[in-house]
Amino acid sequence: MNPVESILVEGMDQGNPAQDLNDEYDGPFATSQQVLQCQFSSWYPTFSHLEGRKRKNVTIKSVIIMDLPEDLQDFLVSDGVEMPVDAQKLSSLGHGCDDWSSDEEDERSQENEDTQQAVVRNYSFPKLTEDIARAIQTLEGSVMPKLNWSAPKDAAWVNGGSLKCTTPGDVYLLVKSSDFCLHDVLRQSWEECEDYDPSQSRPKLELVLRKWCNLHPSMEFRCFIRGHEMIAISQRNHTQHYAHLLQDQRRIQAALLSFFDDTIRNRFADGQIPNYVMDVYLDQKNKVWLLDFNLWARSTDSLLFEWSELIIMDADDEPQFRLVETANQVRQDPLASYRAPIDTLNLASLTGGTSKNFEDFMKRCQQESLLPRDRDETSTGSSVESLD
């Protein structure tokens, strides 16, 4: 427990809510053990094959590719979004295009053509591409990719607004375009640990492909566990109001608590990690599915709670269950800033910053581009599927 947590807990014991700290406290720091146990390969084998249980699998069927090329990290951190040589024509959105590099890169390359030959490294991962294609086939034709801890939710805009991948190229494109995945590539969660030791070897990078399922966002929930007790439950998608959740709140809470008591408690990390966060899904048959484990740390979104509440919440009480109860209570979408390239946002600001002005501007651009040009004219330019 860090000093701020100690002050908050002491304030509770003395009847002082420590209100002055509530707005300043961003949450606890993770330990290296928590980071290791929350990476996908640490917990998936346990919960995809439960011993001595009638229901052996409680999570989404997945394939973990651990033997990754040594230069994959160089590819993922390199500038631009040029595809590996062996996957250039394997993206469902590429329409046969060989090059996903940006227009800026093309312009810079053209400028340098007369003066020097640009040095461009072409990456090729034939075995990995084959492994990805085989995994997609194994997982019934479509997958959602992620790395050790993070999924590329911030990059969905490059894939038609979805994380659904049907080709190796889709997987490369999403992971390469994601800042969230870059966080994993650089092992920043590891380096942010309160007990970080630079002499320790970093976790190896892993690529995870999960079977694609059409989950209804209203039935995803985030559960907060402290001291091996579930203390809080939050609606996962807090940017929407779902009226039916209020009617089903007691049933949902009972199902999640039962799942935690029977399946998760003291089984995650063999009971060695008392504080963690888990994401779950409740299907139409009232069956709970484990989606992910997250760090009990400031890097994890506390959604409808504040971390200053969670660290002092009484674990002996019934879990607090928070929903977006009215349309006026919806929260800002944390992914909103990732829905378009920054160039688009900059262009929108130049047109007055309103969607109407931006839409009118784009329509004029389209109309003007259809006008015939003289040859000497120059432009100066101004339903839920089975989860297992």
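A short tour of the structure in this document, coming up. A quick note: this is a predicted structure, and the numbers were derived from the prediction, not measured.

## With respect to the overall build of the protein
Working step 1: Looking only at helices and strands, the protein has 15 helices and 8 strands in total.
Working step 2: Per element, the accessible surface of the protein, about 21,400 Å² overall, is 47% carbon and sulfur.

## Some points on the packing of helix 7 (residues 126–138) against helix 8 (residues 168–177)
Working step 1: Closest axis-to-axis distance for the helix 7/helix 8 pair is 9 Å, and the angle between their directions is 110°. For the element pair helix 7 / helix 8, the angle class is roughly perpendicular. On helix 8, the residues touching Leu128, Thr129, Ile132, Ala133 and Ile136 of helix 7 are Pro168, Val171 and Tyr172.

## Quick look at empty space enclosed by the protein
Working step 1: Of the voids in this model, the largest cavity is the one considered here, and its volume is about 80 Å³.
Working step 2: Every residue along the wall of the largest cavity is listed here: Leu72, Leu76, Leu128, Ile132, Leu147, Val171, Tyr172, Val175, Leu205 and Leu207.
Working step 3: Where the lining of the largest cavity is concerned, the elements lending two or more residues are helix 5 (72–77), helix 7 and helix 8.
Working step 4: Sort the elements by how many residues they give to the lining of the largest cavity and helix 8 lands first, with 3 residues.
Working step 5: Residue classes in the lining of the largest cavity are distributed as 10 nonpolar, no polar and no charged.

## Thoughts on the side chain of serine 48
Working step 1: Relative to the helices and strands, serine 48 resides in the loop between helix 4 (40–47) and strand 1 (62–65).
Working step 2: At 2.8 Å, the side chain of serine 48 and the backbone oxygen of tyrosine 44 are in polar contact.
Working step 3: Discounting chain neighbours no more than four positions away, the residues touching serine 48 are Lys56, Asn57 and Thr59.

## Section: the sheet that holds strand 4 (residues 220–226)
Working step 1: Taken in spatial order, the 5 strands line up as 7-6-4-5-8 in an open sheet, and their pairing is mixed. Strands at the two margins of the open sheet, each flanked by one partner only, are strand 7 (288–294) and strand 8 (320–322). In this sheet, neighbouring strand axes are inclined to one another by 25° on average, regardless of whether the strands run parallel or antiparallel.
Working step 2: In this structure, strand 5 (residues 229–235) lies alongside strand 8, joined through 3 bridges in parallel fashion. Residue pairing for strand 8: alanine 232 is matched across the bridge by glutamine 320.
Working step 3: Those strands touched by helix 12 (residues 249–264) are strand 4, strand 5, strand 6 (276–282), strand 7 and strand 8, and its axis lies near 120° from that of strand 6.

## A look at the packing of aromatic side chains
Working step 1: Enumeration according to the criterion identifies 17 aromatic pairs in this entry.
Working step 2: When the ring of phenylalanine 40 is compared with that of tryptophan 43, the centres are 4.9 Å apart and the planes differ by 65°; the resulting orientation is edge-to-face. Of this pair, phenylalanine 40 and tryptophan 43 both sit in helix 4, 3 residues apart, which is roughly one turn of the helix. Comparing phenylalanine 40 with tryptophan 43, the two get one shared label, buried.
Working step 3: Aromatic side chains tyrosine 276 and phenylalanine 293 sit 5.8 Å apart centroid to centroid with 70° between the ring planes, which places their arrangement in the edge-to-face category. You can see tyrosine 276 sitting in strand 6 and its partner phenylalanine 293 sitting in strand 7, a full 17 residues away along the chain.
Working step 4: Judged by its relative accessible area of 1%, tyrosine 276 falls in the buried class.

Rules of the game
- Each chain carries its own residue numbering, running from 1 in the written order of its sequence.
- Since the coordinates come from a predicted model, pLDDT governs what is reported: local features require at least 70, and pairs of side-chain atoms require 80 or more to be given and counted, while whole-chain, interface and lining totals use all residues.
- The basis for every side-chain value is the complete set of non-hydrogen atoms in the structure, without hydrogens or water.
- Numbering of helices and strands runs from the N terminus, with a helix taken as a DSSP run of H or I at least four residues long and a strand as a DSSP run of E at least two residues long.
- Each accessible area value is a Shrake-Rupley result obtained with a 1.4 Å probe; residue values ignore everything except the protein chains displayed when judging cover.
- Angles here are taken between N-to-C directions and fall from 0 to 180 degrees, while the axes themselves are lines fitted to C-alpha atoms, restricted in helices to the stretch in contact.
- Throughout this description, any angle smaller than 35 degrees is read as roughly parallel, any larger than 145 degrees as roughly antiparallel, any in the 65 to 115 degree range as roughly perpendicular, and the remainder as oblique.
- It only takes one pair of heavy atoms within 4.5 Å for two residues to be counted as in contact.
- As defined here, a cavity is a set of points on a 1 Å grid over the protein atoms alone where a 1.4 Å probe fits but cannot get out. A pocket is an open set with protein on both sides within 12 Å along at least five of seven lines, and residues line them when an atom is within 4 Å of a point.
- Grid points are joined across faces, edges and corners, and a volume is the space filled by probe spheres set on the points.
- For this scheme, ten residues count as nonpolar: Ala, Val, Leu, Ile, Met, Phe, Trp, Tyr, Cys and Pro. Four count as charged, namely Asp, Glu, Lys and Arg, and the remainder, Gly too, count as polar.
- Contacts described as polar in this section are N or O atom pairs within 3.5 Å, which, within protein, must combine one atom able to donate a hydrogen with one able to accept it, while residues neighboring in sequence count only if both atoms come from side chains.
- Strand pairing is assigned whenever DSSP identifies at least 2 bridges connecting the two strands.
- Only rings of Phe, Tyr and Trp enter the pairing, Trp through its six-membered ring, and a pair is recorded when the two centres are within 6.5 Å. The plane angle decides the type: under 30 degrees is stacked, over 60 is edge-to-face, the rest tilted.
- The buried label goes to any residue with under 20% of its type's maximum accessible area, the exposed label to any with over 50%, and the partly exposed label to all in between, with areas taken from a 1.4 Å probe on protein chains only.

That's the geometry; what it means functionally is another story.
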